[in-house]
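# Reading the structure
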Amino acid sequence: MEPKNKITGAEAILLSLIKENVDVIFGYPGGAIMPLYDKLFDKNNELKHILVRHEQGAAHAAQAYAQVTGKTGVCFATSGPGATNLLTGITNANLDSIPVVFITAQVPSSLLGTDAFQETDMVSLSMPVTKWNCQVTCADEIPDAIAKAFFFATTGRPGPVLIDVTKDAQNELFEYSYKKIKSIRSYCIKPELNDKDINDAIQLIQISKKPLLFAGHGILLGNATNELKNFIAKTKIPTAVTLLGKTTVSEDDTAYVGMLGMHGNYAPNILTNEADLIIAAGMRFDDRVTGDINRYAKKAKIIHIDIDKAELNKNVKADLAIHADIKCFFNEITASLNYLSDEKWRNEFYVLHEKEEDKVIKKECFPEIGKIRAGEVIRLLSDKTGRDAIVVTDVGQNQMMGARYYQFKNPNSLITSGGLGTMGFGLPAAVGAQVGQPDKTVLLFTGDGGFQMTSQELGTIFQYNLPVKIIIFNNNFLGMVRQWQQLFNDRRYAETNMPTPDFPMMAKAFGIEGCVVSERENLNKTLDTMLKHNGPYLLEVKIEKEANVFPMIYPGKAVDEIILEN
């Protein structure tokens, strides 16, 4: 008889997750992971499992859950296709620096390398898109592997990790003990901020006449929104945000000047090339932000602060590259800096914003004729929800419209696929967001194309009665691709015209209420009905087929060549 203090590897995985304060898992069972799910059956009081309809959905849901809760997402999948179906979601989490622990099952260790049924080398496949990964072939390796996984996923620059566990390791008995990891030799959790960097930054700021602060996703990941708020309250430095940095600062803050990038706001893009100082905080100078890198911010000294040293001087050479935790940086510099930006400089942003308001925003958000516009739906929902909803988007025109026209005020209230731009991200991410914040209104803005990529997750929403409000902007096109075809390919709409099913009928098949709105006079009442509905709701909004997203920086153009209309 085995001693009572021995448990299986499968049970050890679950106990270890509980010790890491995990309470929700997203996943899908299969043959190689059956031992783990068998033990999960006994832990349903401590671990809630969300059964998705496709493993990609589990990955996106776990990511969104992590973003809205501040916890680490956890995802299970079986071997072979189950594990490979995670790869898009793993890559998405990696490019957006989201902590998710992926646990995949593997064939028994005796069959490794034999091309056994559903054997796939997940360590090799996932290595380029994870922060850390490993394969476990013995049960006694499990506690240390999970402790390392959570440590690596959550410290420094966060990111996804993967543990591949053979089936025999899940079944094997061993004497279990668990110890959280607080440090690993040669791995720097928080780089030390030195006084010289702070003093040099202060000097550059104090001599600047036209400073501009870029707030990136790292501020949210570093839990530094209050520190950012204190800094800009003291200095009044105009503050622009990246797409993933969108909720770092409330949009009613007087220092907020809009979003950077290809479809960002007019003023911060134009004035990037007028600034004499750019403070880049927790952002990576993505190509969608910089436009033509050879004509980017040539008048500016650049201070770049990032916790990941690899990002410094990677895309844009900084005059002062500071390898530091962003929270520490803002705390230190705010306490020491005595500076107030010039009011005349700040007013330049307001003047340019008025131009965008007149040329773009009024037409998109407050149209009086023509078909319903996505912008007007989003602005109405922003008002009706008191700007307090969690907004999830898919990718494409709906993403840019959601980011532009919902007026965010709360940190981590925009969940979107930034670095990878994953169509199909929206619906499963809305699942994760609603599971993570059950008392919040979750709005999903998606297009007819992206929705159809992962529409099976309606089954997950139905099963758990998640009150997600799904808004499908239907133009019967792959909208963003069509926009490019219109602008750059003489309206040669090659394979972007997409007939669509009856979306409310699809929802009804899953027991979800829904309707279609196509006339402006019905829009207000329909939105109210959706928001008041107790449970999930799908609203299909018929919009203009050839509506475009502006402003826009054309490919190869500089940021100050952004245009307001075609």
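Criteria and thresholds
Residues numbered from 1 in each chain as written. Predicted model: local features only at pLDDT ≥ 70, side-chain atom pairs only at ≥ 80, totals over all residues. Heavy atoms only, no water. Phe/Tyr/Trp six-rings, centres within 6.5 Å; stacked < 30°, edge-to-face > 60°. Buried < 20%, exposed > 50% of the residue type's maximum accessible area, 1.4 Å probe, protein only. Lys NZ or Arg CZ within 6 Å of the ring centre and 35° of its normal. Domains from an automatic or database assignment. Contact = heavy atoms within 4.5 Å. Buried area = accessible area lost by both parts, 1.4 Å probe. Salt bridge = Lys/Arg side-chain N within 4 Å of Asp/Glu carboxyl O. Nonpolar A, V, L, I, M, F, W, Y, C, P; charged D, E, K, R; others polar. Helix = DSSP H or I, 4+ residues; strand = E, 2+ residues; numbered from the N terminus. Arc of directions from axis to C-beta. Core = buried A, V, L, I, M, F, W, Y, C linked by side-chain atoms within 4.5 Å. 1 Å grid on protein atoms, 1.4 Å probe; cavity = no way out; pocket = protein on both sides within 12 Å on 5 of 7 lines; lining within 4 Å. Points joined across faces, edges and corners; volume = space filled by probe spheres on them. Pairing = 2+ DSSP bridges. Axes fitted to C-alpha atoms, helices over the stretch in contact; angles between N-to-C directions. Parallel < 35°, antiparallel > 145°, perpendicular 65-115°, else oblique. Left-handed = near helix turned anticlockwise from the far one by under 90°.

Another point: the packing of aromatic side chains. On inspection of all chains with the given rule, the structure shows 17 aromatic pairs. Look at phenylalanine 151 and phenylalanine 152: their rings are 5.8 Å apart centre to centre, the planes differ by 65°, and that puts the pair in the edge-to-face class. Per residue, the accessibility class of phenylalanine 151 equals that of phenylalanine 152, and both read buried. Connected via pairs of aromatic rings, a cluster forms that spans Trp132, Phe151, Phe152 and Tyr187. Sitting over the ring of phenylalanine 477, arginine 482 keeps its end group 5.8 Å from the ring centre.

A separate point is the domain arrangement of the chain. Where interface size is quoted, it is often the accessible area lost as the parts come together. You can read the domains of the chain as domain 1 (6-175), domain 2 (195-349) and domain 3 (371-542). Computed from C-alpha atoms alone, the centre-to-centre distance between domain 2 and domain 3 is 31 Å. With 15 residues of domain 2 at the interface, the matching set in domain 3 holds 20 residues. Together, the buried faces of domain 2 and domain 3 total about 1,400 Å²; carbon and sulfur atoms form 60% of this surface. On the domain 2 side of the contact with domain 3, Leu243, Thr247 and His263 bury the most area, a combined 40% of that side's loss. On the surface where domain 2 and domain 3 come into contact, there are one salt bridge. For arginine 387, the salt bridge identified is with aspartate 252, shortest N-O distance 3.3 Å. Of the residues assigned to the side of domain 2 that touches domain 3, the class counts are five nonpolar, six polar and four charged.

With that out of the way, let us pick up helix α11 (residues 225-235). Regarding α11, the residues found buried are Thr225, Glu227, Leu228, Phe231, Ile232 and Thr235. What you see down the axis of α11 is that its buried residues fit within an arc of 160°, all on one side. For α11, exposure combined with an orientation more than 90 degrees from the buried face picks out Asn226 and Lys229. Next to the buried residues of α11 lie α9 (195-206), β9 (211-215), α10 (217-221), β10 (239-241), β12 (277-281) and α14 (326-336). Taken from the residues just after α11, lysine 236 is the one with a positive phi, measuring 55°.

This part takes up the nonpolar core. Side chains of nonpolar character tend, in soluble globular proteins, to be buried together. Counting residues in hydrophobic clusters, the biggest one holds 93 residues, and the most contacted among them are Ile205, Phe231, Ile303, Phe330 and Ile333. Of all the elements, helix α15 (residues 343-365) adds the most residues to this core, at six residues. Dropping the residues within four chain positions of it, isoleucine 303 is found in contact with Ala201, Leu204, Ile205, Leu277, Ile278, Ile279, Ala280, Leu320 and Ile322. Of all hydrophobic cores here, the second largest spans 48 residues; its members include Val52, Val100, Ile472 and Ile512.

If a probe as big as a water molecule is rolled over the atoms, it shows which places are left empty. Applying the stated criterion to the full structure yields one cavity of 30 Å³ or more. Of the voids in this model, the largest cavity is the one considered here, and its volume is about 60 Å³. If you trace the largest cavity, you find it lined by Gln67, His217, Leu220, Leu243, Leu244, Lys246, Thr247, Asn412, Leu414 and Thr416. Here the lining of the largest cavity is composed, by residue class, of four nonpolar, five polar and one charged.

Strand order across the open sheet formed by six strands is β11-β10-β9-β12-β13-β14, with parallel pairing between neighbours. The open sheet terminates on both sides in strands that have one partner only, identified here as β11 (256-259) and β14 (320-323). Neighbour-to-neighbour, the strand axes of the sheet open up by a mean angle of 15°, direction not taken into account. Looking at chain direction, β10 and β11 are connected through three bridges and run parallel. Bridge pairing links alanine 240 to glycine 258 in β11.

Here we take up the side chain of threonine 496. Its place among the elements puts threonine 496 in the loop between α21 (479-488) and α22 (503-509). Other than its neighbours up to four places away in sequence, threonine 496 contacts Asn476, Phe477, Leu478, Val481, Arg482 and Gln485.

This paragraph deals with unusual backbone geometry. Residue phenylalanine 550 is joined to proline 551 through a cis peptide bond whose omega torsion reads 0°. If you trace the backbone, proline 551 turns up in the segment after β20 (537-542). Unlike most non-glycine residues, phenylalanine 285 shows phi in positive territory, near 55°. Summarising the element assignment, phenylalanine 285 is placed in the loop between β12 and α13 (287-290).

Looking now at helix α16 (residues 374-384). Taken across its eleven residues, α16 has eight buried, putting it largely inside the fold. Every buried residue belonging to α16 is among Ala374, Gly375, Glu376, Val377, Ile378, Arg379, Leu381 and Ser382, and all of these are buried. Buried residues along α16 sit against α15, α17 (397-405), β17 (442-447), β18 (469-474), α23 (523-532) and β20. Downstream of α16 by a residue or two, glycine 386 has a phi angle that is positive, lying close to 60°.

This part covers the pairing of β18. Across the six residues of β18, six count as buried, placing the element largely inside the fold. Pairing between β17 and β18: five bridges, direction parallel. Bridge assignment links glycine 447 to a residue of β18, and that residue is phenylalanine 473. Here six bridges tie β18 to β20, and the two strands are oriented parallel to one another. Looking across to β20, one finds that asparagine 474 is bridged to lysine 542.

Computed from the structure, the second largest pocket encloses a volume of approximately 390 Å³. As for the second largest pocket, its lining consists of 20 residues, and the residues nearest its centre are Glu251, Tyr256, Gly258, His353 and Gln407. Per-element tally for the lining of the second largest pocket: the top contributor is α15, with five residues. Among the residues making up the lining of the second largest pocket, the classes are represented as seven nonpolar, five polar and eight charged. Here the lining of the second largest pocket spans two domains, since at least three of its residues come from each of domain 2 (195-349) and domain 3 (371-542).

A few words on the packing of α16 against α23. Close contact between α16 and α23 brings their axes to 11 Å; oriented N to C, the two are set at 50°. Judged by the angle between their axes, α16 and α23 are oblique. Handedness of the crossing formed by α16 with α23: right-handed. Side by side, α16 and α23 meet where Glu376, Val377, Leu380, Leu381 and Lys384 of the first sit next to Leu523, Asn524, Leu527, Asp528, Met530 and Leu531 of the second. Residues belonging to the contact of α16 with α23 are distributed by class as follows: seven nonpolar, one polar and three charged.

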